Amino acid sequence: SHALKMARVCAWVCVLVASAVSCSAFDRHAALAKMPEQMVLNAPFTPFFANGSVNVEVVPKMAAFAASRGVTVVWTCGGMAQFFTLTLAERKALNAAWVKAGHEHGIYIIVHVGTTVPAEAAELAANAKEIGADAIASVPPYYSMPSDFESLFSFFEPIAAEAPELPFFMYHIPGATGYQVKMAELFAAAEKAMPQLIGVKYVSPDMEDWMNLVNTYNETHAMMFAPEPKLQSFGVGLGRGTVLAEDFFAGTYLRMRNYFLRGDAAAARKEQAWKYSAMAIFSKYGGGAAERAIYKRLCGVELGELRAPAKQFDASKYDQLLAELDTIDFFNKTAP
């Protein structure tokens, strides 16, 4: 009926107005002041029981281990966590566990709420606020993609409105989402359209865009660089921090960064080369599946098997993996 249609329109307008009001009142300077000065971000794996259900019991151990390695920020339920295989209830449970355990170790927690279902993303954002998360984040819609920035913001705004005082991060990973846009242009558009957008997890090989982004917004936003080699970002702009899929590489990143800042380019390159050698070994044994397996050795945590359709680690090669990692002194190099 006409009345029902008008009611729906009014409800949508109210959401947008509420979002605009809340965004206009967002204090970016205060939000930045609450973030770690050096953001060493880890996007942790999801731990699973043998039956495939999510195991939040080990999150306190994972948080303690991450903090001991130099991690200052955790991004929950990201791609490495297989968020696209998790139910809403599972994501809420993981988010709550990481907020509680992470805060006990002084870790800043960004809850990733992204999904292609706006109502579910909004529900996760409201829950993130309720459990005390420090910030929220989202991927863009990755099936039916926005045609312009206005469309993207119209998707994000009702989500952000559920936690209006929390900073909002963009998860820019075009290789997975297919959403190819220039972040520097997006942040320019967001200045008025979505001031709550405070930073980006930048997972793109476009170095020109990264350079434009940090040269323009590094003092006013939180830009975090993910691609390898990490060393490539130092010359064009360090950003506020880095993105690590593996918390055990935090030490090598920090050493690499410190060498660079001290002007010791040779030492920085040596550190990057060592990381590549470690990554090559993991790749030989299955990549992320092999990385998950060594947490048993690193901190006594069994992360379990990945959810389908991901390829599983061959457990019969566990000792062989450890032996090969020993050849590059992996466990000493990744110690606190």
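Peer 1: What exactly am I supposed to notice about the packing of aromatic side chains here?
Peer 2: The description of two aromatic rings rests on the distance between their centres and on the angle between their planes. With the rule as written, the count across this model stands at 23 aromatic pairs. With centroids separated by 6.3 Å and ring planes inclined at 80°, the aromatic side chains of Phe 45 and Tyr 295 adopt a geometry described as edge-to-face. Taken together, the residues Phe 45 in the loop between strand S1 (39–42) and helix H3 (59–69) and Tyr 295 in helix H14 (residues 295–299) connect sequence positions 250 residues apart. Of the two residues examined, Phe 45 and Tyr 295, each falls in the buried class. Clustering of aromatic rings is evident, with ring pairs tying together Phe 45, Phe 65, Phe 248, Phe 249, Trp 274, Phe 282, Tyr 295, Phe 330 and Phe 331. Between the NZ or CZ atom of Lys 333 and the centre of the ring of Trp 274, over which it lies, the distance is 5.1 Å.

Peer 1: It is not clear to me how the pairing of strand S8 (residues 241–244) should be interpreted in this structure. Could you clarify?
Peer 2: If a strand is regular, its side chains alternate between the two faces of the sheet. Strand direction decides the pairing type here: S1 and S8, joined by four bridges, are parallel. When the bridges of S8 are listed, Leu 41 appears paired with Val 243. When strand S7 (residues 222–225) meets S8, the two strands line up parallel, connected through two bridges. Bridged to Phe 225 within S8 is Thr 242. Handedness of the S7-helix H10 (residues 231–236)-S8 crossover: right-handed.

Peer 1: Please clarify how the confidence of the model for the protein should be interpreted in this entry.
Peer 2: Predicted coordinates in areas of low pLDDT are best not read in detail. Across the protein, the average pLDDT comes to 93, with 93% of residues at 70 or higher. Overall, residues 2–23 carries pLDDT values under 50, and its contacts beyond four positions in sequence, including any with other chains, amount to nine contacts.

Peer 1: Help me out: how do you make sense of the sheet that holds strand S2 (residues 73–76) in this one?
Peer 2: Backbone-to-backbone hydrogen bonds join strands into a sheet, with any given pair of strands oriented parallel or antiparallel. Read around the closed barrel, the eight strands follow the order S1-S2-S3-S4-S5-S6-S7-S8; overall the barrel is parallel. This sheet shows a mean twist of 25° between the axes of neighbouring strands, independent of strand direction. By the bridge criterion, two bridges tie S1 to S2 in an arrangement that is parallel. Across the sheet, Leu 41 pairs through a bridge with Val 73, a residue of S2. Running at roughly 170° to strand S3 (residues 108–112), helix H4 (residues 88–104) makes contact with S2 and S3 of the sheet.

Peer 1: Explanation requested: the nonpolar core in the structure shown.
Peer 2: Here is a general trend for soluble globular proteins: nonpolar side chains tend to be buried in one another's company. If you look at the biggest cluster of nonpolar residues, it comprises 112 residues, and the most contacted ones within it are Ile 110, Phe 169, Leu 213 and Phe 330. When residues in this core are grouped by element, the largest group, six residues, is from helix H6 (residues 149–160).

Peer 1: Looking at this structure, I do not really get the side chain of Glu 246. What am I missing?
Peer 2: Within the fold, Glu 246 resides in the loop between S8 and helix H11 (250–261). There is no salt bridge for the buried Glu 246, and the closest opposite charge comes from Lys 275, which lies 4.9 Å off by N-O distance. When residues no more than four places from it in sequence are discounted, the contact partners of Glu 246 are Asn 42, Glu 291 and Tyr 295.

Peer 1: What am I meant to see in the packing of H3 against H4 here?
Peer 2: Axis angle and axis distance: for two packed helices, these are the angle between their axes and the distance between the axes, and together they describe the pair. Closest axis-to-axis distance for the H3/H4 pair is 9 Å, and the angle between their directions is 45°. With respect to H4, the element H3 is oriented oblique. The two elements H3 and H4 meet at a crossing, and its hand is right-handed. Packed against H3, whose contacting residues are Val 59, Pro 60, Met 62 and Ala 63, the element H4 presents Leu 94, Ala 97, Trp 98, Ala 101 and Gly 102 at the interface. Each residue belonging to the contact of H3 with H4 can be placed in one class, and the counts come to eight nonpolar, one polar and no charged.

Peer 1: Can you walk me through helix H5 (residues 118–131) in this structure?
Peer 2: Residue pairs spaced three or four apart in an α-helix point in one direction, given the helix's 3.6 residues per turn. Between its first and last C-alpha, H5 extends 20 Å over 14 residues, near the 20 Å set by a 1.5 Å rise per residue. Taken together, the buried positions of H5 are Ala 121, Ala 122, Leu 124, Ala 125, Asn 127 and Ala 128. Those residues of H5 that are buried are in contact with H4, S3, strand S4 (135–138) and H6.

Peer 1: What's the story with unusual backbone geometry in this structure? I'm lost.
Peer 2: Trans peptide bonds make up the majority, and among non-glycine residues the majority have a negative phi. Residue Glu 228 is joined to Pro 229 through a cis peptide bond whose omega torsion reads -5°. Position of Pro 229 relative to the elements: it lies in the loop between S7 and H10. At the junction of Ala 308 and Pro 309, the peptide bond is cis and its omega measures out at 10° in the coordinates. Here Cys 77, not a glycine, exhibits a phi torsion of approximately 50°, which is positive. Structurally, Cys 77 is set in the loop between S2 and H4. The backbone of Gln 82 shows a phi angle near 55°, a positive value even though the residue is not glycine. Summarising the element assignment, Gln 82 is placed in the loop between S2 and H4. For Gln 82, a relative accessible area of 6% corresponds to the buried category.

Peer 1: What am I meant to see in the side chain of Arg 292 here?
Peer 2: In this structure, Arg 292 sits in helix H13 (residues 288–293). With no salt bridge to any partner, buried Arg 292 finds its closest opposite charge in Glu 302, at an N-O distance of 8.9 Å. Only 2.6 Å separates the side chain of Arg 292 from the backbone oxygen of Leu 303, close enough to count as a polar contact. With residues near it in sequence (within four places) discarded, Arg 292 still touches Phe 45, Thr 46, Pro 47, Phe 48, Leu 303, Gly 304, Glu 305 and Leu 306.

Peer 1: Sorry if this is basic, but what is going on with the pattern of salt bridges here?
Peer 2: When the charged atoms of two side chains with opposite charge come close together, those side chains can pair. All chains considered together, the criterion is met by 12 salt bridges. Each member of the salt-bridge network shares a partner with another, and the members are Glu 228, Lys 230 and Lys 275.

So, how was this worked out
- Residues numbered from 1 in each chain as written.
- Predicted model: local features only at pLDDT ≥ 70, side-chain atom pairs only at ≥ 80, totals over all residues.
- Heavy atoms only, no water.
- Phe/Tyr/Trp six-rings, centres within 6.5 Å; stacked < 30°, edge-to-face > 60°.
- Helix = DSSP H or I, 4+ residues; strand = E, 2+ residues; numbered from the N terminus.
- Buried < 20%, exposed > 50% of the residue type's maximum accessible area, 1.4 Å probe, protein only.
- Lys NZ or Arg CZ within 6 Å of the ring centre and 35° of its normal.
- Pairing = 2+ DSSP bridges.
- Right-handed = clockwise from strand over helix to strand, strands pointing away.
- pLDDT = per-residue confidence, 0-100.
- Contact = heavy atoms within 4.5 Å.
- Axes fitted to C-alpha atoms, helices over the stretch in contact; angles between N-to-C directions.
- Core = buried A, V, L, I, M, F, W, Y, C linked by side-chain atoms within 4.5 Å.
- Lys, Arg positive; Asp, Glu negative; His and termini not counted.
- Salt bridge = Lys/Arg side-chain N within 4 Å of Asp/Glu carboxyl O.
- Parallel < 35°, antiparallel > 145°, perpendicular 65-115°, else oblique.
- Left-handed = near helix turned anticlockwise from the far one by under 90°.
- Nonpolar A, V, L, I, M, F, W, Y, C, P; charged D, E, K, R; others polar.
- Expected span 1.5 Å × (residues − 1).
- Polar contact = N/O pair within 3.5 Å; in protein donor to acceptor, adjacent residues only side chain to side chain.

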